[in-house]
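# A closer look at the structure
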Amino acid sequence: MLRTVVLISGHGSNLRAFLDACAHGTVPATVVAVGADSDAPGLEHARSAGIPTFVEPLERGVDRDEWGARLADVVEGCAPDLVILSGFMRVLPPTFVHRFAPMIINTHPSFLPEFPGAHAVRDARAAGVTETGASVIVVDDGVDTGPILAQRRVPVLDGDTETVLHDRIKIVEREILAEVVRDLAARESAVLQEN
Ligand code: GRF
């Protein structure tokens, strides 16, 4: 059973799906804590499941490296095997990433390396593409540049608004996140059995 800490910034619909998957045993993982960079509405999903939450804001004028180290201390205190960024909208500094690499993954609403960054769905629509996608990657020091663990195409349909398209992509994000976590858990247990 993989111990995970999930970081969010928004409504946490993907977090909610992941909590459900853990509860139903469709992924061999447990969420030991959920963190955010503000009092994100999605924290409520954790609270109502009785899962501890924490908020570590990046205050104006505060050094990003210091913030990253502070956030890493809190996460490390939860002793996770895996950190999942699920709609966490801040770029994490190396002071955070290097503490958990490579066991830190991010879900992203495009077929990377297409449309990296915070506005992937808007950018795909603006580019007029007929398909975009969803990816799960390992987090590195860049913005959406880490090794790709899983990805799948999603069509852009006539009449899609940004919200409608994003909601369709999120369904795929949830599926491939579950696949990746199952895979990582299987590898972890294989390593344990070898030792
Ligand atoms: C997801 O598409 C995630 O990949 C992106 O933000 C969205 C989060 O949605 N970075 P939600 O907060 O889980 O509803």
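This brings us to the site of the ligand. Every residue near the ligand is listed here: His11, Gly12, Ser13, Asn14, Gly87, Met89, Thr107, His108, Pro109, His166, Lys170 and Glu173. Between the ligand and glycine 12, the relevant distance is 2.8 Å, taken from an oxygen atom to a main-chain nitrogen or oxygen of the residue. Residue lysine 170 places a side-chain N or O atom 2.7 Å away from an oxygen atom belonging to the ligand. Within the complex, 90% of the 370 Å² of free accessible area of the ligand lies under protein. At the level of elements, α1 (13-23), β5 (104-108) and α6 (162-194) are the ones that each hand at least two residues to the shell around the ligand. Counting residues per element, the shell around the ligand draws most heavily on α6, at three residues. Looking at the shell around the ligand residue by residue, the classes come out as two nonpolar, eight polar and two charged.

This part covers the environment of glycine 35. With respect to the element layout, glycine 35 can be found in strand β2 (residues 29-36). Along the primary structure glycine 35 and isoleucine 51 are separated by 16 residues, whereas in three dimensions their C-alpha atoms are 10 Å apart. Apart from the residues lying within four places of it in its own chain, the contact partners of glycine 35 are Val6, Leu7, Ile8, Leu43 and Phe54.

Criteria and cut-off values
Residues numbered from 1 in each chain as written. Predicted model: local features only at pLDDT ≥ 70, side-chain atom pairs only at ≥ 80, totals over all residues. Heavy atoms only, no water. Near = heavy atom within 4 Å. Polar contact = N/O pair within 3.5 Å; in protein donor to acceptor, adjacent residues only side chain to side chain. Areas by Shrake-Rupley, 256 points an atom, 1.4 Å probe, with all protein chains shown as cover. Helix = DSSP H or I, 4+ residues; strand = E, 2+ residues; numbered from the N terminus. Nonpolar A, V, L, I, M, F, W, Y, C, P; charged D, E, K, R; others polar. Contact = heavy atoms within 4.5 Å.

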